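If you want the building blocks of each chain, they are given just below.
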Amino acid sequence: MPYFIDVIVPIPLQKLFTYSITPAESHFLKTGMRVAVPFGKSKIYTGIVAQIHTNPPTAYEAKEIHQILDEGPLVNEKQLQLWQWIAHYYMCTVGDVMRAALPNAFLLESETIITKNTKTIDESMLEDDEFLVYEALQHQPSLKIHDIANILDKKNVLPVIKRLIEKGVISVEEEVYEKYKPKLVRYVKLHARFSSQTALQKLLEDLSRAPKQHQVILTLFSVSATTKKPVRVSDLSKDSDASVSIIKSLIDKGILEEYFIQTDRVQYSGDDNEDSKNLNDYQKKALTEIKESFKEQSVVLLHGVTSSGKTEVYVKLIEDALNKGQQVLYLLPEIALTAQLITRLQNYFGEQVSVFHSKYSSYERVEVWNNVLNNSAKAQIVLGARSSIFLPFDHLGLIIVDEEHEQSFKQFDPAPRYHARDTAIVLAQMHQAKTLLGSATPSLESYFNAKQNKYGFVEITKRFNDVLMPDIELVDIKEKQKKKLMKGHFSDRLLEEMAQTLRDGHQIILFQNRRGFSPIVECNTCGHAPQCPNCDVSLTYHQYRDQLRCHYCGYAEMMPKNCAACGSPELDSKGFGTEQIEQEVKVLFPDYKVARMDLDTTRGKYGYEKIITALEQQEIDILVGTQMLTKGLDFRNVKLVGIMNADNMLNFPDFRAHERSFQLMLQVSGRAGRTEERGKVLIQTYNPLHTILQQVSTNNYIEMFNEQMNDRYNYKYPPVFKQIKITLKHKDYVKVDTASIWYAKSLRNVFGDFVLGPESPPIARIRNQFHKNILVKIPKNQSLSKTKEAIIKINNSFLSIKDFRSVKVILNVDNY
């Protein structure tokens, strides 16, 4: 009886592919194991077994699998269930989800190997580039595609390879290779034949003429005697002050034996754990209320003002879950936050904390994955950014989503375009676990759900130690400019407060939500501004490299000395970014240490940690930064926060601009005065009477919520209506325009007036692709799954039209 398996392949296919297996393989294989399968003419992919059955495919003949890659399942049933839900809800394919979910090192890639044929070749019939490849194959047995690309100095070498195959010079095969290599550490021990006293004495006498080698053996003895642990080569070389080559010569002589031990790349080297802190009365009350709510509801929203000690409440809940033998997932929006939280959680829970995010190498992520899969003691608490919802949990008891209002939880590119908070709630339901959403400024959707009694709701209204909320003052810069009281981009009030704070020995954070030096460079004579050749956007000036750069596609050019249009040397920069603020602060306060935290300064793996640690150690007096600073970081000594310009956030063309600005400004303000003294926040603006700014200055979340919800009801936006955004892209404007009109017309036939668009976004061309957006609004009483089915139907007919095939369509569910 023939057996078959359905395999998920990491490419966007609507259906799963079926492969045939032998009866023996069918007994060994389980769902969730990896198999290497042939796909297309010559590709080999890593797939995941989704189902084992006996029904042959009707449309094609099932190929055999290439090889089985695992001893046991790598992905469990609940994960496959979650993958299916994400693919269905976010309108993408399971292959997309698989590519996002599995660490890269698990996806074996096939690599094309080129070898020389044995028959004799007439060299005169080869062209120049073919001869170069042929000659290279005389010297080595096989070449890979990228080797040939290097030899010929060309990107596309496939035509050359094709010609060589036709002439029978070479043959091509695919080789599958494993990307993950375990980390091995080299250890040494004395060879067994020197275990007796006499043999040892003789050895030391023999080595008396080689003092360095003699020293290595003595050090090895003393270290082994004291620690009784295996001795690393690196430690031995350091302790005996000998180079590694000396140890190598002892190994070559057979005096020392080397061996390797596999170790984890991420290790916790801490002391014994601290006990968690005692909670104050507000925190205790909140904790009791959360536990009560969990009896009725599976999701609870915790609304605690900034610096109210939400993390300590989480720690108590984590302790409870661990005592029941459950795993805990702690989701954070920003990698910068994990750096600070790791230390706090490791002080409480030591080894049990694992960290999972994209700044870790793919090898490190594989190790965390395996630890979670095997439910190892090292991975009882996983702390991670949005991708950690894909880990193979087995006994999940609690998910904490901290700063749940953050837009970093939503993935925009590539598919699956999932929202980690919503997916976490579904994941928790699959495991019958509880979810806690925490924030000082909850998103409107979550607060709305809590009001509708879908979620439990708990509040902490007082800061820890009863510190007062920061004093927020609005500074009218239009008025200050009239009175000539501005120095650069700083008002006299801000400079006065900064000088006072620095005299008192406190630290300052300045917030400007734009990196670079200045967003526009303009010629004073003719008004020409350099534009990006690939996008409809002006280039941003970065002073530290003296470059103009595009923040959308990465294009860069040197800063011109003269205007490209009229040749005038009078180039002026308009607007300001973090670099310019940093430079101005250095001039205004030359005796203090200034640092900057934005995408440009936090590129490396430890980029965030260096800056955050320096601020905690008080090596930095003034920190200038973008929105990275707003995400729940805890700085003890920051007394003053300055928001350089509140207007560009408020006037952004997006239905959530006001809600986002409120959250951003309150979160930044929350960094001030977190210990004993009350902090101060200064917000510079041209319009101090704006309602949002008034609500920020009085810290009035409820008023903001009611006012924004009123607008959402009137204009039919989420959370009242659901939303699906459809983006069409193509390099030809006319084609994308016709395509989007056809698409919108088809949607209107089904959904009537609930379709908006097609409309060009504020930046209509990015990376030489023109964009058009269509928005579908879905009322509460309309079935979401039926709506999606209708859209997929329209999408399929759209793709079957020959002229539109080259237009890329992106479906984004809940695109906010």
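Up top is the structure these notes are about.
Parameters at a glance
Here the residue index of a chain counts from 1 through its sequence in written order. Reporting in this predicted model follows two pLDDT cut-offs: at least 70 for local features of residues, and 80 or more for side-chain atom pairs to be given and counted; totals over whole chains, interfaces and linings ignore these cut-offs and use all residues. To get the side-chain values, all heavy atoms of the structure are used, and hydrogens and water are removed first. Going along the chain from the N terminus, every DSSP run of H or I of four or more residues is numbered as a helix, and every run of E of two or more is numbered as a strand. C-alpha atoms define the radius of gyration, and 2.2 Å times the number of residues to the power 0.38 defines the globule rule. Pairs of residues are marked as contacts when any of their non-hydrogen atoms sit within 4.5 Å. Where accessible areas are quoted, they stem from the Shrake-Rupley method and a 1.4 Å probe; at the residue level, only the protein chains shown are allowed to cover. To estimate how far a helix should reach, multiply one less than its number of residues by 1.5 Å. Partly exposed describes any residue whose relative accessible area lies between the buried limit of under 20% and the exposed limit of over 50%, with all areas from a 1.4 Å probe on protein chains only and scaled to the type maximum. Between Lys or Arg on one side and Asp or Glu on the other, a salt bridge is scored when a side-chain nitrogen of the former is within 4 Å of a carboxyl oxygen of the latter. A strand pair is defined by DSSP finding two or more bridges across the two strands. Between N-to-C directions, angles span 0 to 180 degrees; the directions come from axes that are lines fitted to C-alpha atoms, helices contributing only their stretch in contact. Paired rings are identified among Phe, Tyr and Trp, the last through its six-membered ring, by centres lying within 6.5 Å, and are further divided according to the angle between planes into stacked (under 30 degrees), edge-to-face (over 60) and tilted (the rest).

Peer 1: Is there a simple way to explain the overall build of the protein in this structure?
Peer 2: Across its full length, the protein holds 26 helices and 37 strands. Computed over its C-alpha atoms, the radius of gyration of the protein comes to 31 Å, within 12% of the 28 Å expected for a compact globule of 816 residues. Along the three orthogonal principal directions, the C-alpha set of the protein runs to about 85 × 75 × 70 Å. Across the protein, the fraction of contacts at a sequence separation of at least 24, relative to all contacts at a separation of at least 6, is 74%. Element-wise, carbon and sulfur atoms account for 50% of the exposed surface of the protein, whose accessible area totals about 38,500 Å².

Peer 1: Whenever I open this one, helix α2 (residues 77-89) confuses me. Can you help?
Peer 2: Along an α-helix, residues three or four positions apart point the same way, because every turn accommodates 3.6 residues. For α2, built from 13 residues, the straight-helix expectation of 18 Å at 1.5 Å per residue is met to within 8% by its first-to-last C-alpha distance of 18 Å. Those residues of α2 lying buried are Gln79, Leu80, Leu82, Trp83, Ile86, Ala87 and Tyr89. With its phi angle positive at about 55°, Met91 sits one or two positions after the end of α2.

Peer 1: Explain the pattern of salt bridges to me, please; I cannot follow it from the model alone.
Peer 2: When the charged atoms of two side chains with opposite charge come close together, those side chains can pair. In this structure the tally under the stated criterion is 36 salt bridges. Where Glu130 meets Arg163, a salt bridge forms, and the shortest distance between an N and an O atom there is 2.5 Å. One end of the pair, Glu130, is in helix α4 (residues 128-139); the other, Arg163, is in helix α6 (residues 158-166), with 33 residues separating them in the sequence. Of the residues examined, Glu130 reaches a relative accessible area of 0% and is grouped as buried. Its salt-bridge partner being Arg421, residue Glu404 comes within 3.0 Å of it at the nearest N-O pair. With Glu404 in the loop between β17 (396-402) and α15 (420-430) and Arg421 in helix α15, this residue pair connects regions lying 17 residues apart in the sequence.

Peer 1: Would you take a moment to explain unusual backbone geometry for this structure?
Peer 2: Among all residues save glycine, negative phi is the norm, and among peptide bonds the norm is trans. Following Asp413, the chain continues into Pro414 via a peptide bond in cis, with omega recorded as -15°. Within the secondary structure layout, Pro414 lies in the loop between β17 and α15. Positive phi is not limited to glycine here, since Glu403 has a value of about 50°. When you line up the elements, Glu403 lands in the loop between β17 and α15. Here Glu403 falls in the buried class, since its relative accessible area comes to 6%. Even without being a glycine, Lys716 presents a positive backbone phi close to 55°.

Peer 1: When you look at the sheet that holds strand β27 (residues 556-558) in this model, what are you seeing that I'm missing?
Peer 2: Strand order in the open sheet formed by three strands is β25-β26-β27, and the pairing between neighbours is antiparallel. Looking at strand neighbours, the two that pair on one side only are β25 (540-542) and β27, the edges of this open sheet. Here the average twist between neighbouring strands, direction ignored, is 30°. Examined bridge by bridge, β25 and strand β26 (residues 547-549) share three bridges and lie antiparallel to one another. Its bridge partner lying in β26, His542 is registered against Gln547.

Peer 1: Can you help me understand the packing of aromatic side chains in this one?
Peer 2: Here a ring pair, both rings aromatic, is described through the centre-centre distance and the interplanar angle of the planes. In total, this model carries 26 aromatic pairs according to the counting rule given. Note on Phe17 and Phe39: the rings are 5.1 Å apart at their centroids and 70° apart in plane angle, and the pair reads as edge-to-face. Placement of Phe17 in strand β2 (residues 17-21) and of Phe39 in strand β3 (residues 34-39) is noted, with a sequence separation of 22 residues between them. Given a relative accessible area of 17%, Phe39 falls into the buried group. Between Trp742 and Phe804 the ring centres are 6.1 Å apart and the planes differ by 65°, which places this aromatic pair in the edge-to-face class.

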